[in-house]
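Now for the letters of each chain:
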Amino acid sequence: MASTRLTADSRRQALAALEASTSADAELDVLVIGGGVTGAGIALDAVTRGLSTAIVEAQDWSAGTSSRSSKLVHGGLRYLQMLDFHLVKEALTERDLLLKEIAPHLVRPVPFLYPLEHRVWERAYVGAGIALYDTLASVAPGRRAMPLHRHLSRSRMEKKFPDLAHDAAVGAVQYWDASVDDARLVSTLVRTAASYGAHAASRTQVVSLTKGSTGAVNGAVLQDLETGREITVRARAVINATGVWTEDTEALAGSEGGLRVLASKGIHIVVPRERIKGQVGLILQTEKSVLFVIPWSRYWVIGTTDTPWEQELQHPVATAADIDYVLEHANAVLAHPLTRDDIIGTWAGLRPLLQPGTKEGTSSAKVSREHTVASPTPGLTVIAGGKLTTYRVMAKDAVDFAIGQRASALPSITHKIPLLGAVGLDAVRRQARPWASRYGWTPAMVDHLLHRYGSNLRELVELCEAQPDLARPLEHAPAYLRAEIAYGVSHEGALHLEDLLLHRTRLNYEVPDRGLAALPEIAAVAAEILGWDDATRDAEIASYTARAEAEAAAEQEPDDASAERTRLEAPDVAPLQPLRTT
């Protein structure tokens, strides 16, 4: 296997390999555009079929929708109401595969309560639906990934969730789904793909697509946003997995065909764990969307909304109206209402909503309620729609379509490929005890580390052995070790402070100051590894500080347009470049 480390050097090597692809004997089989969960899944699927593969992302890995989801791995109860049993079965199969085989360190079971307002008919109706949910997830005896659902009386419900208002429900049904740190899932997918030989380069933007003499897409022109240098790449198949940017990327081919995607904004708020007394999550139906109250680490995540987004796509933000909506609907069932003062963080993401049908002249293959794979022009495959849980199925469909008849001889095998950190997990759980004793790590810290890194915790310990001060928690963000910052740069490809605070850790929304107090210490650790001089380090601190302040100010604005104007006052650390149509 190739190196499992993503670094600034591995990125340079990847770009060199891409530049060499213009020679006939080095042409890539697959070039993946987009480093979210779908693109990362496609890169892993393609490279493990034996295809020479590269993946590029204009921002940091997972910087778009894939770091701003509800962080749930679930079957989707709402699809049962639509009688889409196949889709639910597919998602539940993928959920359980992630839990048991592919990423057991990253994905964890979470119990939820479905509160009932009516004692008889609703209990029968909801109970039957959740029983079907469990049935669709059934596997061989002894192999269930989740416990079965349970009916709870009001008194048992109140023991599980004491802060549920007494008049909010007469009882509940408890069922199970799962949660995941979405950004960590993506970075682990990319690292796993790289370990099998895929070339991976973040902060690398496709600015145009190239065509051969037949008019088929045969590669792309890339711009390295760190240096400004342009590179031409050749590939037998180009796959567009850019989510809400799907139509922008399609347009680079200069054809009229393709998929139609609309952006819908969903926001979440974060409140301290001690603010709500409860041991389980809640799922609530609202007039516009489903509202989740999700127990997560040291806090609760509450969301989401579902509103059209018509502004620029890179920096969606939560507005005052969004936050008030979530608070209002959460407070409708909470015994002790939340206020804005309780909120320690927020995030906003854009769902890529696939619109019915395809543009004229498009060859469409796999179509489901959730995602579609199509070809607007020869040589270019486009996939859009979908959900985090079913990324692996989407990846399989995209690669199958892109390589055509070769797919029967090179079938997908990602259902049996564990991600980095999954192999040897049980052994490392046991080895963690003496490490904790040596470095003074609490049981909560060990659990945190195993959940984030799995068996890769050994690599963090190696860093601590070489430099003992890395074993200490950050002074102003003690939920994280200094080693995690070092690891984010030395193994996970972080190039900037915002990469570390938004995607390698969750400090941007886990602490009230968005991580600003910890920024000097984080910058010092990163600077040593990345070789920053004082001026570069200070510029990085200034850039993240401006971003954090602009996001906080945008949350006070009443609507999307004014919030966007406020957010865009902070310049990007590596600005995107104008696109060029073929």
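About the thresholds
Residues numbered from 1 in each chain as written. Predicted model: local features only at pLDDT ≥ 70, side-chain atom pairs only at ≥ 80, totals over all residues. Heavy atoms only, no water. Buried < 20%, exposed > 50% of the residue type's maximum accessible area, 1.4 Å probe, protein only. Helix = DSSP H or I, 4+ residues; strand = E, 2+ residues; numbered from the N terminus. Pairing = 2+ DSSP bridges. Domains from an automatic or database assignment. Contact = heavy atoms within 4.5 Å. Buried area = accessible area lost by both parts, 1.4 Å probe. Salt bridge = Lys/Arg side-chain N within 4 Å of Asp/Glu carboxyl O. Phe/Tyr/Trp six-rings, centres within 6.5 Å; stacked < 30°, edge-to-face > 60°. Lys NZ or Arg CZ within 6 Å of the ring centre and 35° of its normal. Lys, Arg positive; Asp, Glu negative; His and termini not counted. Core = buried A, V, L, I, M, F, W, Y, C linked by side-chain atoms within 4.5 Å. pLDDT = per-residue confidence, 0-100. Axes fitted to C-alpha atoms, helices over the stretch in contact; angles between N-to-C directions. Parallel < 35°, antiparallel > 145°, perpendicular 65-115°, else oblique. Nonpolar A, V, L, I, M, F, W, Y, C, P; charged D, E, K, R; others polar. Polar contact = N/O pair within 3.5 Å; in protein donor to acceptor, adjacent residues only side chain to side chain. 1 Å grid on protein atoms, 1.4 Å probe; cavity = no way out; pocket = protein on both sides within 12 Å on 5 of 7 lines; lining within 4 Å. Points joined across faces, edges and corners; volume = space filled by probe spheres on them.

A. Summary view of the pairing of strand β21 (residues 477-481). In terms of residue burial, β21 counts as a mostly covered element, since four of its five residues are buried. The sheet contact formed by strand β20 (residues 473-474) and β21 spans two bridges and is antiparallel. Its bridge partner being in β21, Pro473 is matched across the sheet by Leu481. Counted between consecutive antiparallel strands, the loop separating β20 from β21 contains two residues.

B. Representation of the domain arrangement of the protein. Domain boundaries in the protein define domain 1 (8-66 + 184-257 + 360-416), domain 2 (85-180 + 262-351) and domain 3 (425-569). Here domain 2 and domain 3 have C-alpha centroids that lie 27 Å from each other. Across the boundary between the two partners, domain 2 contributes 28 residues, which contact 27 residues of domain 3. Around 2200 Å² of area is buried between domain 2 and domain 3 when both sides are counted, 52% of it from carbon and sulfur atoms. In this structure, the connection of domain 2 to domain 3 is made through three salt bridges. Residues Asp560 and Lys265 are paired through a salt bridge, measuring 2.7 Å at the closest nitrogen-oxygen approach.

C. Expanded view of the environment of Met157. Of note, Met157 is situated in helix α6 (residues 154-160). A sequence separation of 42 residues divides Met157 from Pro115, and the C-alpha atoms of the two residues are 8.5 Å apart.

D. Fine view of the packing of aromatic side chains. One pass over the full model with this rule turns up seven aromatic pairs. Aromatic side chains Phe161 and Trp300 sit 5.7 Å apart centroid to centroid with 55° between the ring planes, which places their arrangement in the tilted category. Here Phe161 is found in the loop between α6 and β6 (171-180), whereas its partner Trp300 is found in strand β14 (residues 299-303), with 139 residues between them in sequence. Summarising the burial analysis for this pair, Phe161 and Trp300 share the class buried. A ring pair is formed by Trp347 and Tyr509, whose centres lie 4.5 Å apart and whose planes are at 45°; its orientation type is tilted. In this pair, Trp347 is assigned in strand β16 (residues 345-358) and Tyr509 in helix α16 (residues 507-510), connecting sequence segments 162 residues apart. Taken as a pair, Trp347 and Tyr509 share a single burial class, namely buried. These aromatic residues form a ring-pair network of at least three members: Phe112, Tyr133, Tyr175 and Phe292. Against the face of Trp347 rests Lys71, its NZ or CZ located 4.5 Å from the ring centre.

E. Structural context of the side chain of Glu57. Secondary-structure assignment places Glu57 in the loop between β2 (53-56) and β3 (72-73). For the buried Glu57, no salt bridge exists, and the shortest N-O distance to an oppositely charged side chain is 7.6 Å, to Arg203. Non-local contacts of Glu57, meaning those with residues more than four positions away in its chain, are made with Gly34, Gly35, Gly36, Ala201, Ser202, Arg203 and Thr204.

F. Quick look at the nonpolar core. By size, the foremost hydrophobic cluster in this structure holds 49 residues, and its most contacted members are Ile42, Val107, Leu185 and Leu189. If you list the elements that add at least two residues to this core, you get β1 (28-33), α2 (37-47), α4 (85-102), β6, α7 (182-195), β10 (230-240) and α10 (391-403). In this structure, this core is formed jointly by two domains, domain 1 (8-66 + 184-257 + 360-416) and domain 2 (85-180 + 262-351), each of which donates at least three residues. Beyond its immediate stretch of four places on either side in the chain, Leu189 contacts Val37, Ala40, Gly41, Leu44, Tyr391 and Leu419.

G. Looking closely at the confidence of the model for the protein. Per-residue pLDDT for the protein has a mean of 94; in total, 96% of the residues score no lower than 70. Residue range residues 363-368 is modelled with pLDDT below 50. Its contacts to residues more than four positions away, or to other chains, number 15 contacts.

H. Region of the structure containing the packing of α4 against α10. Packing of α4 against α10 brings their axes to within 9 Å, and their N-to-C directions diverge by 105°. Classed by the angle they form, the pair α4 and α10 counts as roughly perpendicular. Across the interface between the two elements, Glu90, Glu94, Leu97, Leu98 and Ile102 from α4 touch Tyr391, Arg392 and Val393 from α10. Along the lines of polarity and charge, the residues of the contact of α4 with α10 split into five nonpolar, no polar and three charged.

I. Here's a closer look at the environment of Gln59. Summarising the element assignment, Gln59 is placed in the loop between β2 and β3. For the pair Gln59 and Ala574, spaced 515 residues apart in sequence, the C-alpha separation works out to 7.8 Å. Not counting residues up to four positions away in its chain, the partners in contact with Gln59 are Ser202, Arg203, Trp245, Gln314 and Leu576. In this structure the side chain of Gln59 is engaged in a polar contact, spanning 3.1 Å, whose partner is the side chain of Gln314.

J. Structural view of the environment of Thr381. Take Thr381: it is sitting in strand β19 (residues 380-385). The exposure class assigned to Thr381 is buried, which follows from its relative accessible area of 5%. Sequence spacing of Thr381 and Ile323 is 58 residues, and the spatial spacing of their C-alpha atoms is 38 Å. If near-sequence neighbours (up to four positions away) are discounted, Thr381 is found in contact with Val238, Ile239, Asn240, Val373, Ala374, Ala398, Phe401 and Ala402.

K. Representation of empty space enclosed by the protein. On inspection of all chains with the given rule, the structure shows seven cavities of 30 Å³ or more. There is about 240 Å³ of room inside the largest cavity. Around the largest cavity, the lining is made up of 19 residues, and of these Arg68, Trp347, Ala348, Asn508 and Glu551 lie nearest the centre. Elements supplying a minimum of two residues to the lining of the largest cavity: β16, α15 (497-504), α16 and α18 (534-554). With three residues, the single largest contributor to the lining of the largest cavity is β16. Here the lining of the largest cavity is built from residues that sort into eight nonpolar, five polar and six charged.

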